[in-house]
Amino acid sequence: MEATDAIALPEWEVSQWFNTSQPIRVADLRGQVVLVHAFQMLCPGCVSHAIPQARRVHELFADQGVAVIGLHTVFEHHSAMQSHALEAFLYEYKVRFPVGIDAPSDDGQPIPRTMAKLDLRSTPSTLMLDRQGKLRLQHFGHLDDLLTGVVLGQLLAETADIAS
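Note that the structure is a prediction, hence the values are computed from the model and not measured. (Residues numbered from 1 in each chain as written. Predicted model: local features only at pLDDT ≥ 70, side-chain atom pairs only at ≥ 80, totals over all residues. Heavy atoms only, no water.)

Overview of the overall build of the chain
Part 1 of the reasoning: A count of helical and extended segments in the chain gives 4 helices and 7 strands.
Part 2 of the reasoning: Ordered by position from the N terminus, the helices and strands of the chain form the series β-β-β-α-β-α-β-α-β-β-α.
Part 3 of the reasoning: The buried share among the 164 residues of the chain stands at 46%.
Part 4 of the reasoning: Split by element, the accessible area of the chain, about 8200 Å² in all, is 52% carbon and sulfur. (Helix = DSSP H or I, 4+ residues; strand = E, 2+ residues; numbered from the N terminus. Buried < 20%, exposed > 50% of the residue type's maximum accessible area, 1.4 Å probe, protein only. Areas by Shrake-Rupley, 256 points an atom, 1.4 Å probe, with all protein chains shown as cover.)

Here it is, written out as structure tokens:
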């Protein structure tokens, strides 16, 4: 687990959203603790650990001020992971939280824009933001459920001073 120096998370660049009627910006989530799961639908660790964990966090904490956002960040197998395939995947895996497709790079590189901007190493990756939108945790790989709950609890317990 990598704690960060509480920097503001830059806006993600998303080409399409699922499970939401309008695009979501990082700034829109201020006042909530945010858990972002960066994943690929063909990533075994994402399918077996990250997606189920994100679903559980969404189901257990949505009414307690925790927003869960999925970021489908495709850096390989681009032709197999089109939006229609992701839509079917989200339905089959009962993913109900908002999921954005990371926008492809402008220069033809395989790493999409948000993945590059956030310097994500691979998938699954977990990011947690405090109520002010500051990045407080960035972790590559499976993050233990107990540890996830502890960090969420700590962030929820912090007093929100959104005016700052």
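Additional details are given in the paragraphs that follow.
A short note on the pattern of salt bridges
Part 1 of the reasoning: Under the defined criterion, the tally for this structure stands at 7 salt bridges.
Part 2 of the reasoning: Linking Glu13 and Lys117 is a salt bridge whose minimum nitrogen-to-oxygen distance equals 3.1 Å. Separated by 104 residues along the polypeptide, Glu13 in the loop between strand S1 (2–8) and strand S2 (14–18) and Lys117 in helix H3 (residues 113–117) bring together distant segments of the chain.
Part 3 of the reasoning: Since its relative accessible area comes to 26%, Glu13 is described here as partly exposed.
Part 4 of the reasoning: For Lys117, a relative accessible area of 39% corresponds to the partly exposed category. (Salt bridge = Lys/Arg side-chain N within 4 Å of Asp/Glu carboxyl O.)

Concerning the pairing of strand S5 (residues 99–102)
Part 1 of the reasoning: Here S5 shows two buried faces, one formed by Val99 and Ile101 and the other by Gly100 and Asp102.
Part 2 of the reasoning: In terms of strand pairing, S2 meets S5 through 4 bridges, oriented antiparallel. Bridge pairing links Gln16 to Ile101 in S5. (Pairing = 2+ DSSP bridges.)

So, the packing of aromatic side chains
Part 1 of the reasoning: Evaluation of the coordinates by the stated rule reveals 3 aromatic pairs.
Part 2 of the reasoning: Aromatic side chains Phe39 and Phe89 sit 6.3 Å apart centroid to centroid with 25° between the ring planes, which places their arrangement in the stacked category. Of the two residues, Phe39 is situated in strand S3 (residues 33–39) and Phe89 in helix H2 (residues 83–92); the sequence distance between them amounts to 50 residues.
Part 3 of the reasoning: Given a relative accessible area of 1%, Phe39 falls into the buried group. (Phe/Tyr/Trp six-rings, centres within 6.5 Å; stacked < 30°, edge-to-face > 60°.)

Structural notes on the packing of helix H1 (residues 44–61) against helix H4 (residues 145–157)
Part 1 of the reasoning: Two elements in contact, H1 and H4, have axes separated by 12 Å at closest approach and are oriented at 40°. Compared by their axis directions, H1 and H4 come out oblique. For H1 against H4, the interelement crossing comes out right-handed. Contacts from Gln53, Arg56, Val57 and Phe61 of H1 reach H4 at Asp145, Thr148, Leu152 and Leu156.
Part 2 of the reasoning: A class-by-class count of the residues in the contact of H1 with H4 yields 4 nonpolar, 2 polar and 2 charged. (Axes fitted to C-alpha atoms, helices over the stretch in contact; angles between N-to-C directions. Parallel < 35°, antiparallel > 145°, perpendicular 65-115°, else oblique. Left-handed = near helix turned anticlockwise from the far one by under 90°. Contact = heavy atoms within 4.5 Å. Nonpolar A, V, L, I, M, F, W, Y, C, P; charged D, E, K, R; others polar.)

Digging into the nonpolar core
Part 1 of the reasoning: One finds Phe39, Leu86, Leu90 and Met128 to be the most contacted residues of the largest nonpolar core, which totals 26 residues.
Part 2 of the reasoning: Elements represented by at least two residues in this core include exactly S3, H1, strand S4 (66–72), H2, S5 and H4.
Part 3 of the reasoning: The contacts of Leu90, once residues within four sequence positions are left out, are Phe18, Asn19, Phe39, Val95, Arg96 and Val99. (Core = buried A, V, L, I, M, F, W, Y, C linked by side-chain atoms within 4.5 Å.)

Purely geometric numbers; function is a separate question.
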